[in-house]
Amino acid sequence: MSALRQVASLVAKDLLLEWRGRTRFLSVVLFGVVTLLLFSFAAGPNTPAMRSGAAGFLVLALLLSSTLGLAESFRLEQEERALEGLLLLPVDPVALFYAKAIGNTLFLLLLAPILTPVALVLYAVSIEPERVAVLLGLWALAAAGLSAPGTLYAAMTSRLRSQDVLLPLLLFPLVVPVLMGAVKATALVLSGDPMSQLGSWVTLLGAFALIYWSVCGLLFPYTVEEGR
Amino acid sequence: MNPQTQPPAVRARGLGRRFGREWALAHVDLELAAGEVLLLAGANGSGKTTLLRLAAGLYRPSSGSIEIFGLDPQQERLACRRQLSMVSHHSYLYDRLTALETLRVWARLAGRTTSDDELLALLATVGLERRPGLEVGGFSAGMRKRLTLLRAKLEQPRLLLLDEPLSALDGEGKRLVERWIVEARAAGIAVLMASHAIERTAPLCDRAVHLERGQVAWLGDGGGLLDRLGEQR
């Protein structure tokens, strides 16, 4: 069986499991909305301050919500040792990584269009309609940049009781370039880009997404199989 | 390849596995030929599961070596896993999938092109065909075990690794597994099985190994094992 077909089968399985356990997605969305609300309370009734921080608040809310989703994606695999069951089949662990990373990217891609309008309303920010597509493209790159290392670390910590603490501790420092790129690029999309800086931030996001997807794919087998 | 020169299904030489400072398995020499059924007996913690997991490539040996049909389970993982199927203590099931969906996933990943009708027929062999829409989370322990056992049927292995295959099953389920083991043997499939249900499994095996504290304490036939364990009691 080709690796691509294995990836497709695994993604289909993960999407079906996500659909059946969709209350999990709803709880992650709710967590993101609450985080955005808390940031708005922290910034106070100062509209300019909220507007200037809107991009940062939104990206942070997405990052914090994403860790919940990432941790949960491997918790399902550890129940009844389903992951071990997959590894006992003639499945390349690299295919397993890319399937999980694609599933997690889709999860984040669904999260962003829900949290973005909430942030726009809460922080009194408007966006020109023609820039919505740019923002979505940006989120796709940011989601890819977050999900690859997130998948790797979620797998590494999935058998640990302290996963909820360890996952963000390991993941957050690694995704600082993605976080910075996403915040800066989102701010430029929301507040205008008179100096044409958006392209360089998008390139940075794309470059890190590419690096993470390549390196994490190579490292993943070492995290799930003993003795590599 | 000439059958005379075919490598055995399992060949262990000085095999050992350590967890920290404790040796769970040590100095094990073992050979299992195609079509042979070998029973691993021993108390809890005697190394039965460790040996099965070493054969499956889930553990790396701390000493010695193990080969599956001449392949190193660590170096040639995918090639090895195409040869074997393992039924473990764990069900490897997803609670949110139905029995039919579970079989579909396993079949696709095992590289089998199997229609839903064929999968339903397979479910019927273990009495699970009447609830194809019920999620596995609603299954009893025995039903889960029956579904897990079908994995071995789907994978069509040359080596079956069975860890307590009779546990959680009712009388009918146990008879079904016993029949499968006999059929597997007749079909030339090698079976390496760990079990505490010695009275039921010993008559099915060609040879039996009694493990004590991770070492082979005795090797003989199934009848001999029953005598030995009877004397020890």
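Residues numbered from 1 in each chain as written. Chains lettered and ligands numbered in written order. Predicted model: local features only at pLDDT ≥ 70, side-chain atom pairs only at ≥ 80, totals over all residues.

## Remarks on the overall build of chain B
- Along chain B, the regular secondary structure elements total eight helices and nine strands.
- A compact globule built from 233 residues would reach a C-alpha radius of gyration of about 17 Å, and chain B, at 18 Å, matches this within 12%.
- With respect to the three principal axes, the spread of C-alpha positions in chain B is 50 × 40 × 40 Å.
- Here chain B holds 233 residues, and the buried ones make up 48% of them.
- Of the contacts made within chain B by residues no fewer than 6 positions apart, 67% connect residues no fewer than 24 positions apart. (Helix = DSSP H or I, 4+ residues; strand = E, 2+ residues; numbered from the N terminus. Rg over C-alpha atoms; globule rule 2.2 N^0.38 Å. Buried ≥ 20, exposed ≤ 12 C-beta atoms within 10 Å, placed from the backbone. Contact = placed C-beta atoms within 7 Å.)

## Considering the environment of L38(B)
All names here are of chain B.
- Summarising the element assignment, L38 is placed in strand β3 (residues 37-42).
- When the C-alpha atoms of L38 and W218 are compared, they prove to be 13 Å apart, with 180 residues separating the residues in sequence.
- Contacts of L38, omitting those with residues within four sequence positions, involve L32, L192, C205, D206, R207 and V209.

## A look at the nonpolar core
- V10(B), L39(B), A55(B), L161(B), V191(B) and L192(B) are the most contacted members of the largest nonpolar core, which totals 146 residues.
- Filtering out sequence-adjacent residues up to four positions away, V191(B) remains in contact with V37(B), L160(B), L162(B), I181(B), A184(B) and R185(B). (Core = buried A, V, L, I, M, F, W, Y, C linked by C-beta atoms within 7 Å.)

## Looking at the packing of helix α2 (residues 22-43) of chain A against helix α3 (residues 47-78) of chain A
Residues and elements named next belong to chain A.
- Packing of α2 against α3 brings their axes to within 9 Å, and their N-to-C directions diverge by 150 degrees. Comparing the axis directions of α2 and α3 gives the class roughly antiparallel. In this structure, the crossing between α2 and α3 has a hand that is right-handed. Of the residues in α3, those touching α2 at R24, V28, F31, G32, T35, L36, F39, S40 and A43 are A49, M50, G53, F57, A61, L62, L64, S65, L68, G69 and E72.
- Its residues assigned to classes, the contact of α2 with α3 comprises 12 nonpolar, six polar and two charged. (Axes fitted to C-alpha atoms, helices over the stretch in contact; angles between N-to-C directions. Parallel < 35°, antiparallel > 145°, perpendicular 65-115°, else oblique. Left-handed = near helix turned anticlockwise from the far one by under 90°. Nonpolar A, V, L, I, M, F, W, Y, C, P; charged D, E, K, R; others polar.)

## Section: helix α1 (residues 3-20) of chain A
- Relative to the 26 Å expected for 18 residues at 1.5 Å per residue, α1(A) spans 26 Å between its end C-alpha atoms, a close match to the ideal helical length.
- Among the residues of α1(A), those classed as buried are Q6(A), V7(A), S9(A), L10(A), K13(A), D14(A), L17(A) and E18(A).
- Tucked into the core, α1(A) has its buried residues touching α2, α3 and α5 (93-122) of chain A together with α3 (99-109) of chain B. (Expected span 1.5 Å × (residues − 1).)

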